[in-house]
Amino acid sequence: MTRPGDDVAAGAATTPERAAGPRGVLRGFTLTVTEGADASRTIESDGEVCAIGSHALCRLIVRDPLVSRFHCEIRADRRGARLRDTESLNGTQIEGVRVVDAYLEHGSRIRIGGTTIRFDFAGRSDQLALSTAPRFELLVAESTAMRHVFAVLERAAAAAATVLLEGETGTGKSAAARSLHLRSPRRDRPFVIVDCGAIPANLLESELFGHEKGAFTGADHRRIGAFEEAAGGTLFLDEIGELPAELQPKLLSVIENRTVRRLGGSGTVPIDVRIVAATNRDLRGELNSGRFRPDLYYRLAVLRVEIPPLRARPDDLAPVARQLLGSLSASPAQIARLLDEPALARLRQAPWPGNLRELRNYLERCLVFDEALPIDDAAAATPAATPAMVGGADRPFADARADALARFERGYLTDLLRRHHGSVVDAAAAAGIDRTHFYRLMRRHGLNR
């Protein structure tokens, strides 16, 4: 029997015992509070991720005023148990040393606020549900990590529960959201995307909820918002962590009441949508710092699924690279040549901070040169750096300049995103341009996937 919060705290390991298919094995562990208000309390791991904090959604709830709502988490994987501080206000210590990310030993003592917790490996193993399928609609995978994600997504697709997709930039959250829609009973209804980070705050409210004629200056006609537009289907709220604070209570009201009020309107309109949200931010850290509402997080994280980064699933590089090359119209011969065993070995050794997006850009450059480029030099070896790719004086000046500028912009954006590990906010700041303009440039060059 699980508590409502257990599903959320378990992340992608939500209710694995009810999912069909083979099972991976994780080493089990126990947490025992040895000092503090909850002394003598013990819990056992029941999935891949165990959240610790004062919030009711945590697996281990600690009644300590110095402990943040989501203070830290312990993640089990094949290498052991890894503790990560989730941007807590007062920090996390292991054996008296403050840590942000560290592996735990049997008997390790964790200190959060005025509470001490003992970590012990258990003499049992936790079962991790895995999908038998190598594909979930638009997603392909061979790794255990993604097969577990597939198992959770398969269960989620059949339900109407709100899903929160978390993961680094470029891990495939948008594809996961669309795949959920395609696998769901709502597949024949609209799939509407709202990028909360790409739309100016003063326009986002109208984008989401719509407006009546005359609601504000320039509103010369009624506009249907995304919630109404997605009627009967799925509304995908991308970059939900960028949602302005003033809109968070309005979004919460819509989710709770299942009605929407257009700007300038006097009545409400009932809505029937399945909501999927995605973020590359740690919303629990945002919640700790007061930048994100706890009640909105609760409503969004009914089912929380974390998409692992590409470096954590090297077994997926071969099938994912083949799929990406196919989407770039590469021939079977080109795919075989660009993904021979030496090339795949190099792909598996690369860190890919930009994840699938960076991998796609690299493969596209390889197609341009029709050879497997050195990965370390790939960013520098863009088509813009090759004069022959620009063209000679036999072309009109305006055409040649436009092509050269486009290649420069694409190469510049790609390298900037790589340097800032896929963070659009940081990349736009480094470039000295507005984030909205940066997003427009990304879309223009096919980088916003």
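Caption draft 1: Examining the state of the cysteines more closely. Applying the stated criterion across every chain, the model contains zero disulfides. Distance from the sulfur of Cys72, which forms no disulfide, to the nearest cysteine sulfur (Cys50) is 8.5 Å. Assessed through its relative accessible area of 2%, Cys72 is described here as buried.

Caption draft 2: Structural view of helix H6 (residues 248-257). Those residues of H6 that sit buried are Gln248, Leu251, Leu252, Val254 and Ile255. The buried residues of H6 occupy an angular sector of 160° when the element is viewed end-on, so they sit on one face. The secondary structure elements touched by the buried residues of H6 are helix H4 (201-209), helix H5 (226-229), strand E18 (234-238), strand E19 (259-260), strand E21 (274-279) and helix H8 (294-300). A positive phi of about 55° marks Arg258, the residue just after H6.

Caption draft 3: Highlighting the sheet that holds strand E15 (residues 191-195). Read across the open sheet, the five strands follow the order E15-E18-E21-E14-E22; overall the sheet is parallel. The outermost strands of the open sheet, each flanked by one partner alone, are E15 and strand E22 (303-306). When the angles between neighbouring strand axes are averaged without regard to direction, this sheet yields 20°. Pairing geometry for strand E14 (residues 163-166) and E22, over four bridges, is parallel. By the bridge assignment for E22, Val163 is matched with Leu303.

Caption draft 4: Focus on empty space enclosed by the protein. Applying the stated criterion across every chain yields a total of one cavity of 30 Å³ or more. Roughly 100 Å³ of internal volume is contained in the largest cavity. Around the largest cavity, the lining residues are Thr169, Gly354, Arg357, Glu358, Asn361, Thr414, Leu417, Arg418 and Gly422. Tallied by class, the residues present in the lining of the largest cavity amount to one nonpolar, five polar and three charged.

Caption draft 5: Examining a nonpolar patch on the surface more closely. Together, Leu405, Phe408 and Tyr412 make up an exposed nonpolar region whose accessible area comes to about 300 Å². By the secondary structure assignment, Phe408 is in helix H14 (residues 397-419).

Caption draft 6: How the structure looks around unusual backbone geometry. Non-glycine residue Trp352 carries a positive phi angle of around 50°. Along the polypeptide, Trp352 turns up in the loop between helix H11 (341-349) and helix H12 (355-369). Judged by its relative accessible area of 2%, Trp352 falls in the buried class. With phi around 55°, Asp370 is a residue other than glycine that occupies positive phi space. In this structure Asp370 comes out as partly exposed when scored by relative accessible area, which is 36%.

Caption draft 7: Here's a closer look at the side chain of Arg274. Mapped onto the elements of the fold, Arg274 is located in strand E21. Asp272 is the oppositely charged side chain nearest to the buried, salt-bridge-free Arg274, at an N-O distance of 10 Å. From its side chain, Arg274 meets the backbone oxygen of Ala156 in a polar contact 2.8 Å long. Side-chain polar atoms of Arg274 contact the backbone oxygen of Ala161, separated by 2.7 Å. Residues contacting Arg274, with those up to four places away along its chain left out, are Ala156, Ala157, Ala159, Ala160, Ala161, Val163, Arg186, Gly233, Thr234 and Leu235.

Caption draft 8: View of the packing of aromatic side chains. This model, assessed by the stated rule, comprises seven aromatic pairs. Aromatic pair Phe70 and Tyr297: ring centres 5.4 Å apart, planes at 65°, arrangement edge-to-face. You can see Phe70 sitting in the loop between strand E4 (60-61) and strand E5 (72-77) and its partner Tyr297 sitting in helix H8, a full 227 residues away along the chain. Just as Phe70 is buried, Tyr297 falls in that class too. A centroid spacing of 5.0 Å and a plane angle of 80° characterise the contact between Phe119 and Phe121, whose relative ring orientation is edge-to-face. Residues Phe119 and Phe121 agree in their burial class; the two are buried. Pairwise contacts between aromatic rings join Phe29, Phe119 and Phe121 into one cluster.

Caption draft 9: Just the confidence of the model for the protein chain, in detail. When pLDDT is averaged along the protein chain, the result is 84, and 88% of the positions lie at 70 or above. For the stretch residues 1-21, pLDDT sits under 50, and the model shows 51 contacts to residues farther than four places along the chain or on other chains.

Caption draft 10: Up close: the side chain of Thr234. Take Thr234: it is sitting in strand E18. Leaving out residues up to four positions away in the same chain, Thr234 has contacts with His181, Arg186, Pro190, Phe191, Val192, Arg274 and Val276.

Caption draft 11: Structural context of the packing of helix H9 (residues 317-327) against H11. Put simply, H9 and H11 touch, their axes get as near as 10 Å, and they point 110° apart. Relative to H11, H9 is oriented roughly perpendicular. In this structure, H9 contributes Leu317, Ala318, Ala321 and Arg322 to the contact, and H11 contributes Leu344, Leu347 and Arg348. In terms of residue class, the contact of H9 with H11 is made up of five nonpolar, no polar and two charged.

Caption draft 12: Main features of the pairing of E21. Within E21, six of the six residues are buried, which leaves it mostly tucked inside the rest of the structure. On E21, burial covers both faces: Arg274, Val276 and Ala278 on one face and Ile275, Ala277 and Thr279 on the other are all buried. Summarising the sheet, E14 and E21 pair through four bridges and their orientation is parallel. Looking at E21, one finds that Leu165 is bridged to Ala278. As paired strands, E18 and E21 are joined by four bridges and run parallel to one another. By the bridge assignment, Phe236 is partnered in E21 with Val276.

The rules behind the values
Residues numbered from 1 in each chain as written. Predicted model: local features only at pLDDT ≥ 70, side-chain atom pairs only at ≥ 80, totals over all residues. Heavy atoms only, no water. Disulfide = S-S within 2.5 Å. Buried < 20%, exposed > 50% of the residue type's maximum accessible area, 1.4 Å probe, protein only. Helix = DSSP H or I, 4+ residues; strand = E, 2+ residues; numbered from the N terminus. Arc of directions from axis to C-beta. Contact = heavy atoms within 4.5 Å. Pairing = 2+ DSSP bridges. Axes fitted to C-alpha atoms, helices over the stretch in contact; angles between N-to-C directions. 1 Å grid on protein atoms, 1.4 Å probe; cavity = no way out; pocket = protein on both sides within 12 Å on 5 of 7 lines; lining within 4 Å. Points joined across faces, edges and corners; volume = space filled by probe spheres on them. Nonpolar A, V, L, I, M, F, W, Y, C, P; charged D, E, K, R; others polar. Patch = residues over 30% accessible without salt bridge, like charges linked within 9 Å, V, L, I, M, F, W, Y side chains within 5 Å. Areas by Shrake-Rupley, 256 points an atom, 1.4 Å probe, with all protein chains shown as cover. Salt bridge = Lys/Arg side-chain N within 4 Å of Asp/Glu carboxyl O. Lys, Arg positive; Asp, Glu negative; His and termini not counted. Polar contact = N/O pair within 3.5 Å; in protein donor to acceptor, adjacent residues only side chain to side chain. Phe/Tyr/Trp six-rings, centres within 6.5 Å; stacked < 30°, edge-to-face > 60°. pLDDT = per-residue confidence, 0-100. Parallel < 35°, antiparallel > 145°, perpendicular 65-115°, else oblique.

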